[in-house]
Amino acid sequence: MKAVKAVDAESSRSALAERTGMAAFTRVAPARAIRWAVLVVVLVVIVLAVPVLLSTYWVQILTSVAIYSIVTLSLAVLMGRVGLVSLGQIALLAVGGWVALRLGFAFGPALPFPLLVLITGAITSVIGTLIGLPALRLSGLYLALITLMAAAAITQVLAATNFPNGGEGFLGHSSANVGNAVLARPDVMASDAGFYRVVVVVTAVMFLIAILHVNGKAGRAWAAIRQSEAAAIAAGVNVTLYKLWAFALASFMTGIAGCLLAASAGGLTTYGFPTQDSITLLAVVLMGGIYSFWGPIVSAVLLKLIPEFLKNWGLPADVLTILFGLGVLQAMTTAPAGLAVQVPKDLANLGRALTGLARKRLVRVPAPEEHAR
Amino acid sequence: MPDLRPYLVLGLALGGVFALSGVGLVVLFRATGVLNLAYGAVGALGALIAWSLINNLGFPDWAGYVVALAFGGIATLAYGVVFGPPLAQRDPLVKAVASLGLTLILLGIMSWGWSYQAHALILPTTNWGFDLGGVRVNGTQLLGLGLGIFVTGFTAAFLRFTKVGVAMRSLANHREITAMLGVPVRRVEAAAWLGSGLLSGATGLLLSTLVGLDIVGLTFLVIASLSAALVGRLNSLTVTLVAGLAIGVVQSSLTAFLAVSSYRTVTPFVFAIVALLWFGFSQRGVRST
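Here the structure is a predicted model, which means the values were calculated and not measured. Numbering of residues starts from 1 in every chain and runs along the sequence as written. Written order decides the labels, with chains lettered from A and ligands numbered from 1. A pLDDT threshold of at least 70 governs which residues receive local features in this predicted model, and a stricter bar of 80 or more applies before side-chain atom pairs are shown or counted, although totals over entire chains, interfaces and linings include all residues.

I'm lost on the overall build of chain A in this one. Help?
The secondary structure listing takes helices from DSSP runs of H or I that are at least 4 residues long and strands from runs of E that are at least 2 residues long, numbered from the N terminus. A tally of regular secondary structure across chain A gives 15 helices and zero strands. When each of the 373 residues of chain A is scored for burial, the buried share is 44%. Any residue whose C-beta has 12 or fewer other C-beta atoms within 10 Å is treated as exposed, any with 20 or more as buried, and any in between as partly exposed, C-beta atoms being built from the backbone.

Given below as structure tokens:
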């Protein structure tokens, strides 16, 4: 009885979010073409104009926002679409970075960068799936716990092995080589502006892959699994396969983000991936929203851009951690759809309330009832 | 083969504390369905408050320890009373994720308030000790192991023989029916939150002496206790105790082997993975969620 009730509540909640969240994205068919055109124009402006207008410092920060939006996207797809919670995405990001550096130092320029990105994604995908595998047969809580433990374990192992920096042996780390481990970039993106452009394009491709998945067969299977696993099995959905597929996809994306991060300015340090960050990531993804594709972008801005603003204003970043914690509690109790959906909805409600109020004052006619919508 | 006896003592003490907090997690999970991932953070903040009271404000030691325990109990109880009921009907996963929100809040408070000072909290029991087969055993280590065993036994007896304990067990089976039978559900749940919170305060104090008063370290030591609780299927207190001790001993003994000593903190994860693989493929239903 309890379980049935919980499932009911969950499915009605997600159905609601489905309506509100997706409505924003694909409301009417004719509007879709215009929407895509606008998106493409915005993307072109972001790619071409931003590096010209901003200083190198902010270009680097926007680069990391773009890279982290791939990570938040992967977690948003896992949580919002499939209902799987992973608490180890940041650790997987570090794994992606490690693999990329290892391959980069092993093969050097002989391995073209696009190929390196893809191979890193594939290897990380295998590792991520292996981590999730034992828990996928159990309930979602166990997957969350096992990924949290994996995150802690990976952080510890990384602290011991460090990132490859051209040293000998399998681990490829030599304490004789000073400085951070950075992946060499090909000439096309040697400058920060060039690298930024490549990263934005890769990010756009990742979002496209996610959108195609969600709108395709996989997305339908995931929706069925999320709403009721038993019903999905009854309907002939291969639950284990599609869960694994989602996990593999998310790890693939995270791996690619790790590869880009390894090539970005400053490179990688072992203290750059604490376990705490995996929880912070979950918080921002929940706050940004997991049902809309705008959510991951909002999340990445919360994660990487807002702290920079705070730093510039001289405010402690810890305030943000506390706010993120409050955000998780709020998202869990009242607003499961996140900021990307909640804020427009709240604004719309506010607007309706204001116009209703104004109409009442002027015309002295009761405001239209709910069905007028 | 290096001499493992000193590590065995350390490991049993550490394992006792893992078991202690594992039991705290299991009791709360059984009664309320909440896996409180903020368990370690609450204990850590309690220990930091005790440290400040003793070192900065000149409180007597015992008062600091009492405040740390009380903080654990009250903070956990407050969270449970505020966020327990609205989430009661949700999936255990949602409840666990919500407790991560509390973890972040506490982490933020701790790194805001205590980050720029060096801390060390040494329980007075550490100064007392005896020799056992050529190995020095101090009071805190004995306390860790003893408290772990005692709390496991006490909790098992409490759940078995007292009225509140029976109510907690029936809550674990079925919340609605328990409420229908006239059990004051929220009051029983509050008791579980309080008890679990007091244990988290004790865990924080013991660990800050045994391992060190480090914000992030203490917060995420919950992971080791979690593996112990997972091996016990979030249900069995005895298995949790044994698993906690085993994790502590193995992790501590690995310190002696140079090749793997820097990877020893992976031990709890390995235990949990093996346990989950076993559960997953033995098909003996894990506590349904």
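From this point, the discussion proceeds with the structure in view.
Is there a simple way to think about the overall build of chain B in this case?
Summing up its helical and strand segments, chain B has 13 helices and two strands in all. We compute the radius of gyration from the C-alpha atoms alone; for a globule the expected value is 2.2 Å times N to the 0.38, where N is the number of residues. In terms of overall size, chain B behaves like a compact globule, its C-alpha atoms giving a radius of gyration of 19 Å where 289 residues would be expected to give roughly 19 Å. Reported as C-alpha extents along the three principal axes, the dimensions of chain B are approximately 60 × 50 × 35 Å. Per-residue burial for chain B yields a buried fraction of 54% across its 289 residues. Partitioning the intrachain contacts of chain B with sequence separation of at least 6 by distance along the chain shows that 76% fall at a separation of at least 24. Placing a C-beta atom from the backbone of each residue, one calls two residues in contact when those atoms lie within 7 Å.

Could you clarify how one ought to interpret the interface of chain A and chain B in this entry?
Think of interface size as the accessible area that goes away when the parts come together; that is how it is often given. With 46 residues of chain A in contact, the opposing surface of chain B contributes 48 residues. Going through the elements one at a time, α1 (2-25), α6 (113-136), α7 (140-161), α12 (275-288) and α14 (318-333) of chain A are the ones with two or more residues in the side of chain A that touches chain B. Per-element tally for the side of chain A that touches chain B: the top contributor is α7 of chain A, with 14 residues. Ten residues, namely Ala, Val, Leu, Ile, Met, Phe, Trp, Tyr, Cys and Pro, are considered nonpolar, four, namely Asp, Glu, Lys and Arg, are considered charged, and the remaining ones, Gly among them, are considered polar. Tallied by class, residues from the side of chain A that touches chain B come to 32 nonpolar, nine polar and five charged.

Explain the environment of Met206 of chain A here, please?
All names here are of chain A. Locating Met206 in the fold gives a position in helix α8 (residues 192-215). In this structure, the C-alpha to C-alpha distance between Met206 and Ile70, residues 136 residues apart in sequence, is 6.8 Å. Those residues in contact with Met206 that lie beyond four places of it in its chain are Ile70, Leu73, Met253 and Ile256.

When you look at helix α6 (residues 163-173) of chain B in this model, what are you seeing that I'm missing?
An α-helix turns once every 3.6 residues. As a result, residues three or four positions apart point the same way. Residue and element names in this part refer to chain B. Where α6 is concerned, the buried positions are Gly165, Ala167, Met168 and Leu171. Down the axis, α6 shows its buried residues gathered within 160° of arc, on one side only. In α6, the exposed residues that point more than 90 degrees away from the buried face are Lys163 and Asn173. On its buried face, α6 sits against α1 (5-32), α5 (139-161), α7 (175-180) and α8 (185-210). This arc corresponds to the set of directions leading from the helix axis out to the C-beta atoms.

Explanation requested: the packing of α1 of chain B against α5 of chain B in the structure shown.
All names here are of chain B. Axis angles are defined between N-to-C directions and span 0 to 180 degrees, where every axis is a line fitted to C-alpha atoms and, for a helix, only to the segment in contact. The geometry of α1 relative to α5 is characterised by a closest axis approach of 7 Å and an angle of 30° between their N-to-C directions. Taken together, the axes of α1 and α5 are roughly parallel relative to one another. Judged by the sense of rotation from one axis to the other, the crossing of α1 with α5 is left-handed. Of the residues in α5, those in contact with Val9, Leu12, Ala13, Leu14, Gly16, Val17, Ala19, Leu20, Val23 and Val27 of α1 are Gln141, Gly144, Leu145, Leu147, Gly148, Ile149, Val151, Thr152 and Thr155. Here the contact of α1 with α5 is composed, by residue class, of 13 nonpolar, six polar and no charged. The scheme is simple: roughly parallel for angles under 35 degrees, roughly antiparallel for over 145, roughly perpendicular for 65 to 115, oblique for anything else. Note: crossing handedness is left-handed where the near helix turns anticlockwise from the far helix by less than a right angle, and right-handed where it turns clockwise.

Any chance you could explain unusual backbone geometry here in plain terms?
What is expected of a backbone is that most residues other than glycine have negative phi and most peptide bonds are trans. You will see that Arg233 of chain B, though not glycine, has its phi angle at about 55°, which is positive. Tracing the backbone through its elements, the reader meets Arg233 of chain B in the loop between α10 (222-231) and α11 (237-253).

Honestly, it's all geometry; don't read function into it.
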